[in-house]
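# Structural overview for review
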Amino acid sequence: MPLVIAMDGPSGSGKSSASKGVARVLGLRYLDTGAMYRAMTWWMLENGVPVEDGAAVAARAQDPVIESGTDPAAPTITVDGTDVSGPIRTRAVTNAVSAVSSVPAVRARLVELQREIIGAGGIVVEGRDIGTAVAPDAPVKVFLTASAEVRAARRAKDLAADPGASVTVTQAEQERRDRLDSTRKASPLAKAAGAHEIDSTGLSLDEVIEAVVRLAKEHE
């Protein structure tokens, strides 16, 4: 059975950097499922769909063509053939993605795409419901977390070009998103049964990668 590593956790926990690093070390593909939900959200905003209206979002969920590259050294995400890797990381998308991703029709559409990609071979998959809903049979499950302050500082650094993205503002927005994602009815953010929890607060990126690689090798 191809190795599937499910990497779940909240925003700012270091999932993306760690997942790409693990994939490179182990020679696996990489999938950022969060980018797919962001891409869907970006498309909804661009097309004037009211993202707080679940019925309106559901009615358009099949429209955008979303494609994810799986090279950990150069992951890509396109919508209708347009590279949206930059636009999907804006605060506007970040603050709307929880509403869009909570719509069952959106989750059904994207989970189907995610499972198709996962089924093609060994891969590290990051998200918020990989171990619980997308790939519950993944042989290696990790729940990566960190303190709220550290997560906010990391996210604010990513948004350095946005003058409104102070650590305080970012932490408030992050806490709101965590609350929404943890309490939604459709596949809420949660630690999967059998997942290994890693607190990255006091760890370097290399240490997190080493810990996950060790878990993968123990599985072998």
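These remarks concern the structure in this document.

## Points about the pairing of strand β6 (residues 123-127)
By the criterion of burial, β6 is predominantly enclosed, with 5 of the 5 residues buried. Covered by surrounding structure in β6 are Ile123, Val125 and Gly127 together with Val124 and Glu126, the residues of both alternating faces. Alignment of strand β1 (residues 4-8) against β6, held across 5 bridges, turns out to be parallel. Bridge assignment links Ala6 to a residue of β6, and that residue is Val125. As paired strands, strand β2 (residues 29-32) and β6 are joined by 4 bridges and run parallel to one another. Across the sheet, Asp32 pairs through a bridge with Glu126, a residue of β6.

## What about the pattern of salt bridges?
Going through the model one piece at a time under the given rule, you end up with 4 salt bridges. The closest approach of N and O atoms between Asp63 and Arg60, which form a salt bridge, is 2.5 Å. Asp129 is paired through a salt bridge with Arg107; the nearest N and O atoms lie 2.7 Å apart. In this pair, Asp129 is assigned in the loop between β6 and α6 (130-134) and Arg107 in helix α5 (residues 104-118), connecting sequence segments 22 residues apart. The buried category is assigned to Asp129, whose relative accessible area is 2%. In this structure Arg107 comes out as buried when scored by relative accessible area, which is 5%.

## So, the pairing of β1
Regular strands place their side chains on alternate faces of the sheet. Of all 5 residues making up β1, 5 are buried, and the element is well covered by its neighbours. The alternating pattern of β1 places Val4, Ala6 and Asp8 and Ile5 and Met7 on opposite faces, both of which are buried. Summarising the sheet, β1 and strand β7 (residues 140-145) pair through 4 bridges and their orientation is parallel. Across the sheet, residue Met7 finds its bridge partner in β7, namely Val142.

## Re the sheet that holds β1
The 5 strands are arranged β2-β6-β1-β7-β8 in an open sheet whose pairing can be described as parallel. Of all the strands in the sheet, just β2 and β8 (196-199) have a single pairing partner and so form its edges. The sheet shows a mean angle of 20 degrees between the axes of neighbouring strands, taken without regard to direction. With respect to the sheet, helix α1 (residues 15-26) is in contact with β1, β2, β6 and β7, its orientation differing from that of β6 by roughly 175 degrees.

What counts as what
Counting restarts for each chain: residues are numbered from 1 in the order of the written sequence. With the structure being a predicted model, the display of local features is reserved for residues of pLDDT at least 70 and the display and counting of side-chain atom pairs for 80 or more, all residues being used for whole-chain, interface and lining totals. Excluding hydrogens and water, the side-chain values take into account all heavy atoms of the structure. Working definition: with a 1.4 Å probe on protein chains only, accessible area under 20% of the residue-type maximum means buried, over 50% means exposed, and in between means partly exposed. Each helix is a run of H or I in the DSSP string that is no shorter than four residues. Each strand is a run of E no shorter than two, and both are numbered from the N terminus. Strand pairing is defined by DSSP finding a minimum of two bridges between the two strands. By definition, a salt bridge exists where a carboxyl oxygen of Asp or Glu is found within 4 Å of a side-chain nitrogen of Lys or Arg. Lines are fitted to the C-alpha atoms to define the axes, a helix being fitted only along its stretch in contact, and any angle between axes, read from their N-to-C directions, falls within 0 to 180 degrees. We call two residues contacting when some pair of their heavy atoms lies within 4.5 Å.

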